[in-house]
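# Results of the structural survey
Chain by chain, the residues run as shown.
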Amino acid sequence: MRKFTAMIVASTLALSSASFAFAAETTPATDAPAAATQGKMMQHKGPHRMNPFADLNLTEQQKTQMKEIMKDSGPRPDRAAMKAQMDTMHGLVAADSFDEAKVKSQIDTITQAQSQHMLDRARAENKMYNLLTPEQKKQFNENYQKRAEKMGKMHEHKPGQAAPADAE
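Residues numbered from 1 in each chain as written. Predicted model: local features only at pLDDT ≥ 70, side-chain atom pairs only at ≥ 80, totals over all residues. Heavy atoms only, no water.

Mean pLDDT for the protein chain: 75, with 63% of residues reaching 70 or above. Here residues 13-48 is modelled with pLDDT under 50, and outside its nearest four sequence neighbours on either side it reaches 47 contacts, counting other chains as well. (pLDDT = per-residue confidence, 0-100. Contact = heavy atoms within 4.5 Å.)

Structure follows, in structure tokens:
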């Protein structure tokens, strides 16, 4: 049960990190020169590309429409509230005695907020997906497959490593 709870909390944290990254990608810096951001909208540099709409050769109209969809997609996660939630969880974990009811309540609070944010994001991404041309949709789906395969390979058990504790 504790491993399951830990997995839920870890998943929630991972999803919130991805959400923050996506929100940051779709909000251009206001003080950046226009030439520096031209053609680079919604792209994330680094090993983990979080934006599924990157590299689709979007038109300016599509970019504008997608910005509007993201702006109207609901409130961004409140970082201060999320930090407070995680600090509360840490306090529960670091306590001298384990209060399962309080931990379950805190997990419910965190997952409820994440669930609503994920729903809002999925709704917005569906609207954005439906702005794409058939060719862009095909590329979007191919990019998804490539990311899924890459993530699968990253999480495969490698020879010579200890098997995960839950695998027994």
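Viewed as axis vectors pointing N to C, helix α3 (residues 60-71) and helix α5 (residues 100-129) meet at an angle of 165°, and their least axial separation amounts to 9 Å. In terms of orientation, α3 lies roughly antiparallel with respect to α5. Read as a crossing pair, α3 and α5 show a hand that is right-handed. Contacts between α3 and α5 involve M66, I69 and M70 from the first element and A124, K127 and M128 from the second. Along the lines of polarity and charge, the residues of the contact of α3 with α5 split into 5 nonpolar, no polar and 1 charged. (Axes fitted to C-alpha atoms, helices over the stretch in contact; angles between N-to-C directions. Helix = DSSP H or I, 4+ residues; strand = E, 2+ residues; numbered from the N terminus. Parallel < 35°, antiparallel > 145°, perpendicular 65-115°, else oblique. Left-handed = near helix turned anticlockwise from the far one by under 90°. Nonpolar A, V, L, I, M, F, W, Y, C, P; charged D, E, K, R; others polar.)

Membership of the largest hydrophobic core is limited to 10 residues, which are F53, L56, L58, M66, I69, M70, A124, M128, L132 and F140. Where this core is concerned, the elements lending two or more residues are α3 and α5. Take this core: its biggest share by element is 3 residues, from α3. With residues up to four places along the chain from it excluded, the contact list for L56 reads L132, Q136, Q139, F140 and N143. Listed in part, the 5 residues of the second largest apolar core include M89, L92, I107 and I110. (Core = buried A, V, L, I, M, F, W, Y, C linked by side-chain atoms within 4.5 Å. Buried < 20%, exposed > 50% of the residue type's maximum accessible area, 1.4 Å probe, protein only.)

Two elements in contact, helix α4 (residues 79-93) and α5, have axes whose closest approach is 10 Å; the angle formed by their N-to-C orientations is 160°. One finds that α4 runs roughly antiparallel with respect to α5. Remark: the crossing between α4 and α5 carries left-handed chirality. Residues M82, Q85, M86, T88, M89 and L92 of α4 lie in contact with α5, whose contacting residues are K102, V103, Q106, I107, T109, I110, A113 and Q114. Along the lines of polarity and charge, the residues of the contact of α4 with α5 split into 8 nonpolar, 5 polar and 1 charged.

With 12 residues, α3 should reach 16 Å at 1.5 Å per residue; the first-to-last C-alpha distance of 16 Å fits that figure. Inspection of α3 places Q62, K63, M66, I69 and M70 among the buried residues, and these make up the whole buried set. Looking straight down α3, one finds that the buried residues subtend no more than 125° of arc, so they occupy a single side. Among the exposed residues of α3, those oriented more than 90 degrees off its buried face are Q61 and K71. (Expected span 1.5 Å × (residues − 1). Arc of directions from axis to C-beta.)

Once that is clear, we can look at the environment of E135. Along the chain, E135 falls in helix α6 (residues 134-154). For the pair E135 and L56, spaced 79 residues apart in sequence, the C-alpha to C-alpha distance is 9.0 Å.

Turning our attention to the side chain of D120. Looking at the secondary structure, you find D120 in helix α5. Under the relative-accessibility criterion, D120 is labelled buried at 13%. Side chain to side chain, D120 and Q116 meet in a polar contact 2.9 Å long. Once you skip the residues sitting within four places of it in the chain, D120 turns out to touch S73 and G74. (Polar contact = N/O pair within 3.5 Å; in protein donor to acceptor, adjacent residues only side chain to side chain.)

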